[in-house]
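Notes for the structure review
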Amino acid sequence: MQEMIQIYDTFHSSEDKMNPIYHEKFKAGIEIKIDAEGTMLNARNIENEDQETLIPVTEKSAMRTSGIEPHPLCDQLQYIADDYANQYFHNKNNEKVFFKDNSNRYKAYLNGLNEWAESQYSHPKVVAILKFIKKGNVFSQLKKIKVLDEDVEESKVKGILVRFIIQGCGKIEECWKDPELIDCYINYYQSKLKGSDVSYLTGKNETKTDNFPKSIRYPGDGAKLLSVNSTDTNDFTFRGRFKTTSEILSIGSIDSQKMHNALKWLISQRGIRNNDYVTVVWESDFKTIPLPNQGTDDLFSNFVRMDQPVISSVDSKTIIQNLFTKEYKEKINPTSSVYLLSFDSATKGRLSLVQQATLQSSQYLENLEDWHVGAEWKHKKSKKNLKTYSYIGVPNVNQIVYSIYGHESDAGMDIKGSETYVNRQVQRLYTCIVLNRPIPKDFVKKAVLRASMPEAFKNQTNWEKILSIACSLVKKEHSEKKEEYTLALETGKLGKRRDYLYGRLLAIADVIEKSRLRNQNVDRPTNAMRYMNMFSKHPYRTWTIIHESILPYLNGYNEAIRTYYLNLIQSVMIDFKEGDFENDKPLNGLYLLGYYCQRDDIYSKWKEKKQHEINNTERESE
């Protein structure tokens, strides 16, 4: 919290997107232009993209719901229009229905505006708006110039916020952009603060506040980070331990405003939002840093996008390391700090800090580099106006978690109905990435299980994504054990493990059948895919079934290709250690690496052969 106050003091004057204290941003629907004498010059309905408006607020008006708490300057029609209750509309039965009485709201707004106008911190714009409001015909004038419909229903207009442009009261006519007006209100509001107590945030004597802001994560967010349930001295919640509520929590009004405004700004600029779960990450010098949710392709726009199916592990590792050095390590002070805060809400009204971490920038970058290098795999991605392409690296965290824990929909993988549970998984993965902790075993197990059930997916693309993601997580799990698996086929000690070899056999069977089906224009899953889940549980028993099913397809090839596949199967069988092939216990995630790499290796050789034939044909034609 103290860090937030320091951020506000350092950056609020240079960052126009950070709210000044006692100011909030709301969406205004109507803009009224007046002169210094309060005469309306014109008005307009504001387009959606231009509605965001900074307005002065009190601590109570900023958090108002249904009570009467007027904003000091710009407010809704039901507050500023004295002729509001004189308006009516016709219902379905063509009966006149008058607007509700707003006299209490109007009087409260007028008294507050009048008090500011008469103070030593007044401003010509405030006086001009006061003169306009006192004329009492705001609503009628808006109807007269067709800004509001003649027979408009009350429910459609009562909540419309009105902002003002004042001509002849300074160079900057827009009241929400005028720094002098903003400073006048801050000084005016602070002059009204009474009493003094020690603020637990800074140790300074300030006016204590029990009214803490909302809208922290996004506009309209009703959850508060701090709250006081009751200020009643007869409330026995704290009695017996403390004499007053101030002994439990005492935060100064100004400190509260600075802290919350800085936090809102950080979330808007550096925040990562997953439903109601929000994480904010920043570097102490506010240099650009990679975020833990970003995928490798998100981080490096010029990263190698592959046409070839296989790239050596050494090359891809070096590429990622060089990109991290060039884009971040060389530009950031290694002794600076990186902060991570994560927030979530158990209820609509309560916001909790669920995760906090502070690291040196150099350590943070090393941890993220380890994630992108350790979990690198080949993934396919499609962007708007771009063809599907492949890249080496890691997908973004949302894609990983959604693929593992989501359900399939027309738009891809969806998490509707499971948002709270998925938020917890996102939090766990952030912890692993930022603090360089081992990937949770249940993460890997769930990914492998889903990738082992291709028949459960309606869209083949969704299964291919979870297959690549499962391979990434399995590779990362083994890299934590100093076992470096690569994208190319493993031929050494790591490639002779039972699980890896069984995966290779599955890929060979899959390719043999799929190629023949494609040539026959038959669109159906191969037996290897149909039996994949059973194969992962009982590989020895299931391989016998799969092997028998591919024999007719093998016989459909010419002798050269048939011999190639038979030799390939035999070369894999030879690499099994004695007793491993007959062992029918379930396979671990390594079988997916073996499957993926073997399949890619076959397709790669096909592509190379085809390209070689094309090149020879071109030479002959010359």
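Summarised in this report is the structure supplied together with it. Quick caveat: nothing in here was measured; it's all calculated off a predicted structure.

This paragraph deals with the layout of surface pockets. Volume-wise, the second largest pocket comes out at about 890 Å³. In terms of lining, the second largest pocket is formed by 32 residues, of which the most central are Glu 24, Lys 25, Ser 215, Pro 219 and Gly 220. Breaking the lining of the second largest pocket down by element, the ones donating at least two residues are strand S1 (23-27) and helix H7 (253-270). Looking at the lining of the second largest pocket, the element that brings in the most residues is H7, giving six residues. A class-by-class count of the residues in the lining of the second largest pocket yields 10 nonpolar, 12 polar and 10 charged.

The subject of this paragraph is the pattern of salt bridges. Taken as a whole and judged by the stated rule, the model has 29 salt bridges. Between Asp 178 and Lys 125 there is a salt bridge, with the nearest N and O atoms lying 2.8 Å from each other. Taken together, the residues span a long stretch of sequence, with Asp 178 in the loop between strand S7 (162-167) and helix H6 (179-192) and Lys 125 in helix H4 (residues 124-134) at a distance of 53 residues. For Lys 125, a relative accessible area of 0% gives the class buried. A salt bridge links Lys 381 to Asp 297, with the nearest nitrogen and oxygen atoms 3.5 Å apart. Pair noted here: Lys 381 is in strand S15 (residues 377-381) and Asp 297 is in helix H8 (residues 296-299), with a separation of 84 residues, a long-range link. Accessibility assignment for this pair places Lys 381 and Asp 297 in one class, buried.

The four strands lie next to each other as S10-S11-S13-S14, forming an open sheet whose pairing is antiparallel. The strands lining the two open edges of the sheet, one partner per strand, are strand S10 (271-274) and strand S14 (350-360). With direction set aside, neighbouring strand axes in the sheet form an average angle of 15 degrees. As judged from the 10 bridges shared by strand S13 (residues 337-347) and S14, these two strands associate in the antiparallel manner. From the neighbouring strand, Leu 340 faces S14, where its bridge partner is Ala 357. The strands touched by H7 are S10, strand S11 (277-283) and S13; relative to S11, the strand with the most contacts, the crossing angle is about 90 degrees.

Once that is clear, we can look at the sheet that holds strand S3 (residues 40-45). Pairing in this open sheet of three strands is mixed, and the strands run S3-S2-S7 from one edge to the other. In this open sheet, the two edge strands, each paired with only one partner strand, are S3 and S7. Averaged over all neighbouring strand pairs, the angle between strand axes comes to 20 degrees, with direction disregarded. One ladder, built from five bridges, connects strand S2 (residues 30-35) with S3; its direction is antiparallel.

Residues Asp 149, Glu 150, Asp 151 and Glu 153 make up a contiguous surface patch of negative charge. Position of Glu 153 relative to the elements: it lies in the loop between helix H5 (138-144) and S7. For Glu 153, a relative accessible area of 35% translates into the label partly exposed.

Our focus in this paragraph is the environment of Glu 3. Inspection of the secondary structure assignment puts Glu 3 in helix H1 (residues 2-11). Its relative accessible area of 25% is what places Glu 3 among the partly exposed residues. Placed 256 residues apart in sequence, Glu 3 and Met 259 show a C-alpha to C-alpha distance of 8.2 Å. For Glu 3, the residues in contact, after removing those within four places along its chain, are Trp 282 and Tyr 339.

The residue Asp 344 is located in strand S13 in this model. One buried charge, Asp 344, has no salt-bridge partner; the nearest side chain with opposite charge is Arg 217, at 4.5 Å.

Here we take up H1. Structurally, the α-helix is built with 3.6 residues per turn, so residues lying three or four positions apart point the same way. Every buried residue of H1 is listed here: Met 4, Ile 5, Ile 7, Tyr 8 and Phe 11. Seen along its axis, H1 keeps its buried residues to an arc of 160 degrees; they face one direction. As for H1, its buried residues are in contact with H7, S11 and S13.

Inspection of the secondary structure puts Ala 128 in helix H4. Taking the C-alpha atoms as reference points, Ala 128 and Cys 597, 469 residues apart in sequence, are found 74 Å from one another. Every residue in contact with Ala 128, bar those within four places of it in the chain, is listed here: Ile 34, Asp 35, Ala 36, Gly 38, Ile 166 and Cys 169.

This model, assessed by the stated rule, comprises 33 aromatic pairs. On the numbers, 5.5 Å between centres and 75 degrees between planes, the contact of Tyr 405 with Phe 443 is edge-to-face. Of this pair, Tyr 405 sits in helix H11 (residues 397-405) while Phe 443 sits in helix H13 (residues 441-451), placing them 38 residues apart in sequence. For the pair Tyr 405 and Phe 443, a shared accessibility class is recorded, and that class is buried. Summarising the aromatic geometry, the rings of Tyr 557 and Tyr 565 are spaced 5.5 Å apart at their centres and angled 55 degrees between planes, so their arrangement reads as tilted. Across the pair, exposure class does not vary: Tyr 557 and Tyr 565 are buried alike. An aromatic cluster of at least three residues, connected via ring pairs, comprises Tyr 502, Phe 535, Tyr 540, Phe 576, Phe 581 and Tyr 591. Above the face of the Tyr 557 ring, Arg 516 is positioned so that its terminal group lies 5.4 Å from the ring centre.

Under the counting rule described, the total for this entry stands at two cavities of 30 Å³ or more. Lining the largest cavity are His 23, Leu 54, Ile 55, Pro 56, Leu 73, Cys 74, Cys 175, Trp 176, Leu 181 and Ile 182. Among the secondary structure elements, those contributing two or more residues to the lining of the largest cavity are strand S4 (52-56) and H6. In terms of residues, the lining of the largest cavity owes the most to one element, S4, which gives three residues. Considering only enclosed or pocket space, the second largest cavity measures out at about 30 Å³ in volume. In terms of lining, the second largest cavity is formed by Asn 367, Trp 371, Cys 432, Ile 433, Asn 436, Arg 437, Ile 439 and Lys 476. Among the elements of the structure, helix H10 (361-374) and helix H12 (419-435) are those that each provide at least two residues to the lining of the second largest cavity. In terms of residue class, the lining of the second largest cavity is made up of four nonpolar, two polar and two charged.

A word on unusual backbone geometry. Located in the positive-phi region is Phe 286, a residue other than glycine, with phi close to 60 degrees. With respect to the element layout, Phe 286 can be found in the loop between S11 and H8. By relative accessible area, Phe 286 is classed as buried at 13%. Although it is not a glycine, Asn 521 sits at a positive phi angle of roughly 55 degrees. On the secondary structure map, Asn 521 appears in the loop between helix H15 (498-519) and helix H16 (527-530). Take Asn 521: its relative accessible area is 72%, and that puts it in the exposed class.

Definitions and limits used
- Residues numbered from 1 in each chain as written.
- Predicted model: local features only at pLDDT ≥ 70, side-chain atom pairs only at ≥ 80, totals over all residues.
- Heavy atoms only, no water.
- 1 Å grid on protein atoms, 1.4 Å probe; cavity = no way out; pocket = protein on both sides within 12 Å on 5 of 7 lines; lining within 4 Å.
- Points joined across faces, edges and corners; volume = space filled by probe spheres on them.
- Helix = DSSP H or I, 4+ residues; strand = E, 2+ residues; numbered from the N terminus.
- Nonpolar A, V, L, I, M, F, W, Y, C, P; charged D, E, K, R; others polar.
- Salt bridge = Lys/Arg side-chain N within 4 Å of Asp/Glu carboxyl O.
- Buried < 20%, exposed > 50% of the residue type's maximum accessible area, 1.4 Å probe, protein only.
- Pairing = 2+ DSSP bridges.
- Axes fitted to C-alpha atoms, helices over the stretch in contact; angles between N-to-C directions.
- Contact = heavy atoms within 4.5 Å.
- Patch = residues over 30% accessible without salt bridge, like charges linked within 9 Å, V, L, I, M, F, W, Y side chains within 5 Å.
- Areas by Shrake-Rupley, 256 points an atom, 1.4 Å probe, with all protein chains shown as cover.
- Lys, Arg positive; Asp, Glu negative; His and termini not counted.
- Charge placed at Lys NZ, Arg CZ, Asp CG, Glu CD.
- Arc of directions from axis to C-beta.
- Phe/Tyr/Trp six-rings, centres within 6.5 Å; stacked < 30°, edge-to-face > 60°.
- Lys NZ or Arg CZ within 6 Å of the ring centre and 35° of its normal.

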